[in-house]
Amino acid sequence: MEKRRIKLSIIIPLLNEAESLPELYERILSVLKTHPYDYEMIFVDDGSNDHSWKVLKQLAAKDPRIKAYRFRKNYGKSQALHLGFKEASGDVVVTMDADLQDDPAEIPEMVRMVADEGYDMVSCWKKKRKDPVLKKNLPSKIFNWAARKVSGIPLHDFNCGLKVYRSDVVKNISVYGEMHRFIPFLVKQAGFKKIGEKPVRHHPRKYGKTKFGSDRFIKGVLDLISLWFLLRFSKRPMYLFGSMGIIMFIIGFISVLIIFGVKAYKLYHGIPTHLVTDRPWFYIALTAVILGIQFFLAGFLGEMILQQRHRDGDYAVSEKIN
Ligand code: UDP
Ligand code: MG
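Residues numbered from 1 in each chain as written. Chains lettered and ligands numbered in written order. Predicted model: local features only at pLDDT ≥ 70, side-chain atom pairs only at ≥ 80, totals over all residues. Heavy atoms only, no water.

Draft legend 1. Examining unusual backbone geometry more closely. Phi angles above zero are rare outside glycine, and Asn16 is one such case at about 50°. In this structure, Asn16 sits in the loop between strand S1 (6-14) and helix H1 (21-33). The residue Leu100 is not glycine, and still its phi comes out positive at about 70°. Relative to the helices and strands, Leu100 resides in the loop between strand S4 (92-95) and helix H4 (107-117). (Helix = DSSP H or I, 4+ residues; strand = E, 2+ residues; numbered from the N terminus.)

Following this line, the structure appears as structure tokens:
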């Protein structure tokens, strides 16, 4: 029996990439032609103010397998990907940047890894990166190192635009904020374990310039901290906040004992004493007690939010019988 043809959904988020689009389309097409895939291309125009949308309209008029969505304003790459994931109908989902830096020639091998080798997701690895060294390469090395440590996922290049997924993976993750840098993290959190990478050729940007400023790394680090937290404590926030609260309470309690102990001792023996508020221990006790209560409150709030989610039954079921 002939194997069913795989359908690819190729998702391309774009912001002001009008010059690149025709060439990008041709290059993807020339790769797809030589392989037995069905496909759809999903372009998401993330609020461009050049003539990207016009170019997309022209392309779509020629090729009915092109779908295009236009955001009314610039929501960000994550939101564009999120929409693409929702609309994708293929068995295997490919994402790539629109700026011709990713090479479509890498797609078939990555698709093969997903379709035949059972990978949930394969990310590209820009081994020889064609971007400015100090502006991007070095910070991104440090960033990727931190992301590996925190997530335990052995990828060299978390934020590489070219990624290939099995379809149910993208249907079970929610890319929000600027989380596109951490999709492998989200994939792991959703319970998919087989995450791989493939070294790819990378090209310098041909037209236009990068859409992300140098604040990308600060944002990246902050997102990394949130993810670390979510990965470790999102199931039981009280374990983290409760234990910090208890430590603070113990510090506060001991400080109070010391203050009153010393005061009582001195009063009893008729030794002249300072006011309690003149002693550093008083402030330590005060701060510790207040912080302790704050931590407990944070823990309770976290637990309440979780409980709400459990009530909504927000779980990803991967298979079902009857
Ligand atoms: N992009 C987008 N919305 C944004 C910023 C970027 O859709 O708000 C697209 C952009 O057009 C490109 C991809 O995301 O197709 C990657 O962006 P860029 O090449 O600027 O990132 P870099 O390669 O510098 O990391
Ligand atoms: Mg780029």
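Draft legend 2. The arrangement of the nonpolar core in detail. By size, the foremost hydrophobic cluster in this structure holds 37 residues, and its most contacted members are Leu8, Ile10, Leu24, Met41 and Phe43. In terms of residues, this core owes the most to one element, H1, which gives six residues. The residues touching Met41, leaving out its near neighbours within four places in the chain, are Ile10, Tyr25, Ile28, Leu29, Leu32, Arg65, Ile66 and Lys67. With 33 residues, the next largest nonpolar core counts Ala80, Val175, Phe185 and Leu186 among its residues. (Core = buried A, V, L, I, M, F, W, Y, C linked by side-chain atoms within 4.5 Å. Buried < 20%, exposed > 50% of the residue type's maximum accessible area, 1.4 Å probe, protein only. Contact = heavy atoms within 4.5 Å.)

Draft legend 3. Examining the site of ligand 1 more closely. Around ligand 1 sit 18 residues, and of these Glu17, Asp99, Lys136, Thr210 and Lys211 come closest. Separating an oxygen atom of ligand 1 from a backbone N or O atom of Pro13 is a distance of 2.9 Å. Protein chains shield 94% of the accessible area of ligand 1, which is 530 Å² for the free molecule. Across the shell around ligand 1, the residue classes tally to five nonpolar, four polar and nine charged. (Near = heavy atom within 4 Å. Polar contact = N/O pair within 3.5 Å; in protein donor to acceptor, adjacent residues only side chain to side chain. Areas by Shrake-Rupley, 256 points an atom, 1.4 Å probe, with all protein chains shown as cover. Nonpolar A, V, L, I, M, F, W, Y, C, P; charged D, E, K, R; others polar.)

Draft legend 4. Quick peek at the packing of aromatic side chains. Enumeration according to the criterion identifies 10 aromatic pairs in this entry. Their ring planes at 80° and their centres at 6.0 Å tell us that Trp228 and Phe233 sit as a pair that is edge-to-face. For the pair Phe249 and Phe296, a centre-to-centre distance of 6.3 Å together with 65° between the ring planes defines the contact as edge-to-face. Pair noted here: Phe249 is in helix H9 (residues 237-268) and Phe296 is in helix H10 (residues 280-312), with a separation of 47 residues, a long-range link. An aromatic cluster is present here, built from Trp228, Phe229, Phe233, Phe241 and Phe295 joined pairwise through their rings. Over the aromatic face of Phe212 sits the side chain of Arg181, whose NZ or CZ is 5.9 Å from the ring centroid. It is Lys194 that lies over the ring of Tyr119; its NZ or CZ is 4.6 Å from the centre. (Phe/Tyr/Trp six-rings, centres within 6.5 Å; stacked < 30°, edge-to-face > 60°. Lys NZ or Arg CZ within 6 Å of the ring centre and 35° of its normal.)

Draft legend 5. Quick look at the pattern of salt bridges. For the structure on display, the rule yields 21 salt bridges. For Lys198, the salt bridge goes to Glu106, with nearest N and O atoms at 2.6 Å. Of the two residues, Lys198 sits in strand S7 (residues 195-200) while Glu106 sits in the loop between S4 and H4, which places them 92 residues apart along the sequence. Across this residue pair, the class does not change: Lys198 and Glu106 are buried. Close ionic contact of Arg112 with Glu109 constitutes a salt bridge, the shortest N to O distance being 3.1 Å. (Salt bridge = Lys/Arg side-chain N within 4 Å of Asp/Glu carboxyl O.)

Draft legend 6. Structural context of the coordination of the magnesium ion (ligand 2). Around the magnesium ion (ligand 2), the donor atoms from the protein are Asp99 (OD) and Gln101 (OE1), and they sit 1.9 to 2.0 Å away. The same class applies to Asp99 as to Gln101, namely buried. (Donors = N, O, S within 2.8 Å, 3.2 Å for Na, K, Ca; no water.)

Draft legend 7. Local environment of the pairing of strand S5 (residues 121-126). Across the six residues of S5, six count as buried, placing the element largely inside the fold. Because side chains alternate across S5, one face comprises the buried residues Met121, Ser123 and Trp125, and the other comprises Val122, Cys124 and Lys126, equally buried. Strand direction decides the pairing type here: S5 and strand S6 (residues 163-166), joined by three bridges, are antiparallel. Paired with Ser123 across the strands is Lys163, a residue of S6. Bridging between S5 and S7 involves six bridges; their strand directions are parallel. By the bridge assignment for S7, Trp125 is matched with Pro199. (Pairing = 2+ DSSP bridges.)

Draft legend 8. Just a nonpolar patch on the surface, in detail. Together, Ile246, Ile247, Ile250, Ile251, Ile254, Ile258, Trp281 and Ile284 line one region of the surface with nonpolar side chains, adding up to about 660 Å² of accessible area. Within the fold, Ile251 resides in helix H9. Given the relative accessible area of 35%, Ile251 is considered partly exposed. (Patch = residues over 30% accessible without salt bridge, like charges linked within 9 Å, V, L, I, M, F, W, Y side chains within 5 Å.)

Draft legend 9. Inspection of the pairing of S1 at higher detail. Burial of S1 is extensive: seven of the nine residues sit out of reach of the surface. Where S1 lies against strand S2 (residues 37-45), nine bridges are found, and the strand directions are parallel. Paired with Ile6 across the bridge in S2 is Tyr37. Since S1 and S2 lie parallel, the crossover through H1 that links them has a hand, and here it is right-handed. With four bridges joining them, S1 and S4 adopt parallel strand pairing. Its bridge partner being in S4, Leu8 is matched across the sheet by Val92. (Right-handed = clockwise from strand over helix to strand, strands pointing away.)

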